Amino acid sequence: MRSDNVKKGIHRAPHRALLYATGVSKEGMKRPFIGIASSFSDLVPGHAGMRDLERQIEKGIHSGGGQAFIFGVPAVCDGIAMGHEGMKYSLPSRDLIADCVETVASAHQLDGLVLLTNCDKITPGMLIAAMRLNIPAIVVTAGPMMDGCSKNEVLTMIRGSFEAIGKFSNGEITKERLTELEDECCPGAGACQGLYSANTMACLTEVMGMSLPFCATAAAVSAKKRRIAFESGLKVVELVEKNITPSKYITRDSMRNAIAADMALGGSTNTILHLLAIANSGEIELSLDDFNELSHKIPQIIKLDPSALPTMTDLHNAGGIPAVLKTMWGHTGELKDTKGVSGLKISEIAKMAWADNNVIKTMENPITSNPGLAAPADYGLFPGLQYYGVSSPVVETRTLQGGTTVLRRETKLMEGKLMFMGGDLPIKLRPAQIISTANPLLKAGATVEFVVAEDVIHDKNLVVKKGTKVTGLILSLVENTYHGAAAEITIGQFEIKEKGNRTFNIKGVIEKKGSTHEKAINNWSYII
């Protein structure tokens with residue numbers, strides 16, 4: 001065993017003495033040392049319930065014949081870090097997490113790992129560490145949050161907070177109702193209820209075979225999740241005994257399976273960042289070309305919050321990721337029959353699965369023949385755009401390519417254009433709210449929200465619905481005595497993407513004409 005480097009032989013008496021000081025028994029010293037890399041934190045709702053899962057994993061490890069050791073790694077909640085300087089720390093934390101796991105596992109010569117994770121940057125960080133170390137490992141994603149509910153209205157974090165702010169700003173709900181929605185939209189521990197980065201990465205982890213079936217969708221507070229945690233503890237001891245490492249499961253084929261599933265799910269664009277980083281850690285050949293190729297072959301068969309009403313709860317009840325694999329298996333040659341930590345191949349999981357095709361559409365009758373994600377074939381056309389989400393709540397057509405969007409402030413409406421390959425489409429936005437800024441005046445770093453004032457039609461097809469919320473981050477505020485004030489924004493559904501030391505933005509411009517700079521700021525500061 002790898003751990004023999006710290007526990008066997010006369011010269012390891014000091015090492016053993018220190019291990020005995022932690023409470024390890026003589027019997028435990030003979031067993032494989034299994035680390036539980038836990039990202040538990042009271043600060044992060046997706047991680048607040050992990051103490052219970054730690055115990056379940058620990059029980060599984062000891063039942064399987066291993067010796068468990070729990071150690072901590074940091075966790076950042078992107079939702080809480082949003083809208084202020086805290087967001088600068090989110091993506092870098094991914095590599096910090098990978099470094100933490102690698103450091104502890106190597107310094108203490110652990111034989112195997114259970115990676116207890118959940119939210120946006122933590123799961124990819126854990127997987128990067130697994131590939132670097134390449135010792136037996138299994139992932140336990142802590143699971144999604146239960147749906148919220150207020151006055152029989154099903155809620156998610158997005159619907160009960162961000163969208164509720166827009167409704168209040170438009171006079172559709174009272175301040176009291178806004179408070180009710182805020183109080184009830186996040187009812188407990190777990191990752192936010194929709195298919196955002198955290199839950200998308202959990203789904204792809206399961207597809208790649210690094211977690212047990214149903215791990216991605218079983219609710220954080222459910223007994224099923226506790227059983228999965230226990231079974232994962234048992235399983236990792238078996239992996240150590242057989243010396244089965246992550247490189248056996250995370251391969252080019254399994255990563256392309258994950259991309260195919262991502263297209264079918266319409267998942268978060270952040271997965272592109274993370275899958276490429278994971279591949280790089282394992283020296284696996286993967287590029288944007290793989291995403292672009294598969295985007296033309298895999299239709300979207302599921303549509304979840306935030307671009308639709310169903311949530312992760314609905315996906316789980318419809319059969320979870322096994323049902324997705326069942327729906328795809330045999331209907332595309334791009335899904336390869338890879339094996340996961342469960343010991344089951346994709347074909348075997350698909351055979352045993354049940355799928356509700358009211359939620360998970362068939363490949364022959366998809367939600368759209370367009371993919372859930374896409375990478376432009378010619379990145380040079382739009383140098384600020386590397387990839388975009390087609391399944392976002394604002395973008396309902398695959399022809400949208402990004403580029404520069406100009407929005408002009410006109411009394412109560414903002415008039416601008418959406419850039420398409422075939423030309424520009426007019427769009428009118430209504431200012432809604434400055435969502436988050438220490439100073440109520442408009443400034444760089446503030447997040448502002450707009451509401452689409454009129455349906456946007458292209459070739460008789462509805463592109464953007466009236467009432468759709470569009471969120472933008474103000475990157476800079478430029479004074480101009482003629483125009484009043486101008487602000488450069490990043491349209492929210494695309495988010496800011498980082499790759500190495502480069503930052504790619506999709507930019508737009510808001511202009512206010514015919515007033516002084518001070519008046520322009522004040523106009524922007526309040527709900528109109």
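Residues numbered from 1 in each chain as written. Predicted model: local features only at pLDDT ≥ 70, side-chain atom pairs only at ≥ 80, totals over all residues. Heavy atoms only, no water.

Details of the overall build of the protein
In terms of helices and strands, the protein carries 19 helices and 19 strands. The buried share among the 528 residues of the protein stands at 55%. Within the protein, contacts between residues separated by at least 24 positions form 68% of all contacts whose residues are at least 6 apart in sequence. Of the roughly 22,100 Å² of accessible surface on the protein, a fraction of 52% belongs to carbon and sulfur atoms. (Helix = DSSP H or I, 4+ residues; strand = E, 2+ residues; numbered from the N terminus. Buried < 20%, exposed > 50% of the residue type's maximum accessible area, 1.4 Å probe, protein only. Contact = heavy atoms within 4.5 Å. Areas by Shrake-Rupley, 256 points an atom, 1.4 Å probe, with all protein chains shown as cover.)

Considerations on the pairing of strand 4 (residues 137–141)
Across the five residues of strand 4, five count as buried, placing the element largely inside the fold. Neither face of strand 4 is left uncovered, since the one carrying Ala137, Val139 and Thr141 and the one carrying Ile138 and Val140 both have all their residues buried. Pairing geometry for strand 3 (residues 112–117) and strand 4, over five bridges, is parallel. Opposite Leu116, over in strand 4, you have Val140 as the bridge partner. Between the parallel elements strand 3 and strand 4, the chain passes through helix 7 (residues 122–133) in a crossover that is right-handed. (Pairing = 2+ DSSP bridges. Right-handed = clockwise from strand over helix to strand, strands pointing away.)

Description of the packing of aromatic side chains
In the structure shown here, the tally under the stated rule is one aromatic pair. The lysine or arginine in question, Lys7, covers the ring of Phe33, its NZ or CZ lying 4.1 Å from the ring centre. A cation over an aromatic ring shows up here: Lys224 above the ring of Phe214, its NZ or CZ 4.8 Å from the ring centre. (Phe/Tyr/Trp six-rings, centres within 6.5 Å; stacked < 30°, edge-to-face > 60°. Lys NZ or Arg CZ within 6 Å of the ring centre and 35° of its normal.)

A few points about helix 17 (residues 320–328)
With eight of its nine residues buried, helix 17 lies for the most part within the structure. Every buried residue of helix 17 is listed here: Gly320, Ile321, Pro322, Ala323, Val324, Leu325, Thr327 and Met328. Residues of helix 17 that are buried make contact with helix 10 (197–208), helix 13 (252–265), helix 16 (312–317) and helix 18 (346–352). Gly330, located one to two residues past helix 17, shows a positive phi value of around 85°.

Focus on the confidence of the model for the protein
The predicted model of the protein averages 79 in pLDDT, with 71% of residues at 70 or higher. Predicted confidence for residues 417–424 stays below pLDDT 50, and this span has 28 contacts to residues more than four positions away or in other chains. Confidence over residues 431–443 falls short of pLDDT 50; this stretch has 52 contacts with residues more than four positions distant or in other chains. (pLDDT = per-residue confidence, 0-100.)

Points about helix 14 (residues 270–281)
The end-to-end C-alpha distance of helix 14, which contains twelve residues, comes to 17 Å, matching closely the 16 Å that a straight helix rising 1.5 Å per residue would cover. The buried fraction of helix 14 is high, at ten of twelve residues. Taken together, the buried positions of helix 14 are occupied by Asn270, Thr271, Ile272, Leu273, His274, Leu275, Leu276, Ala277, Ile278 and Ala279. Once helix 14 finishes, Glu283 follows within two positions and takes phi at roughly 55°, a positive value. (Expected span 1.5 Å × (residues − 1).)

Quick notes on the state of the cysteines
Summed over the entire model, instances satisfying the criterion amount to zero disulfides. Among the cysteines around Cys119, which has no disulfide bond, Cys77 carries the closest sulfur, lying 5.9 Å off. (Disulfide = S-S within 2.5 Å.)

Some details on the pattern of salt bridges
Across all of its chains, the model carries 20 salt bridges by this definition. The residue Arg159 makes a salt bridge to Asp305 at a minimum N-O spacing of 3.4 Å. Of the two residues, Arg159 is situated in helix 8 (residues 157–169) and Asp305 in the loop between helix 15 (288–295) and helix 16; the sequence distance between them amounts to 146 residues. Assigned by exposure class, Arg159 and Asp305 land together as buried. Two residues, Glu238 and Lys242, come together in a salt bridge whose shortest N-O distance is 3.1 Å. Note that Glu238 and Lys242 are positioned in helix 11 (residues 223–242) at a spacing of four residues, about one turn of the helix. Residue Glu238 is classed as partly exposed on the basis of its relative accessible area, which comes to 29%. One connected set of salt bridges, linked through shared partners, spans Arg252, Arg256, Asp290, Glu293, Lys297 and Glu334. (Salt bridge = Lys/Arg side-chain N within 4 Å of Asp/Glu carboxyl O.)

Looking at the environment of Leu19
Mapped onto the elements, Leu19 comes out in helix 2 (residues 13–21). Taking the relative accessible area as the measure of exposure, Leu19 reaches 17% and is therefore buried. C-alpha of Leu19 to C-alpha of Lys7: the two residues are twelve residues apart in sequence and 8.6 Å apart in space. When sequence neighbours within four positions are dropped, the list of residues in contact with Leu19 reads Val6, Val24, Met29, Phe33 and Phe69.

Some details on the pairing of strand 3
Within strand 3, six of the six residues are buried, which leaves the element mostly enclosed by the surrounding structure. Going residue by residue along strand 3, you find Gly112, Val114 and Leu116 tucked away on one face and Leu113, Leu115 and Thr117 tucked away on the opposite face as well. Bridging between strand 1 (residues 33–38) and strand 3 involves five bridges; their strand directions are parallel. Each bridged residue has a counterpart across the sheet, and for Ser38 the counterpart in strand 3 is Leu116.

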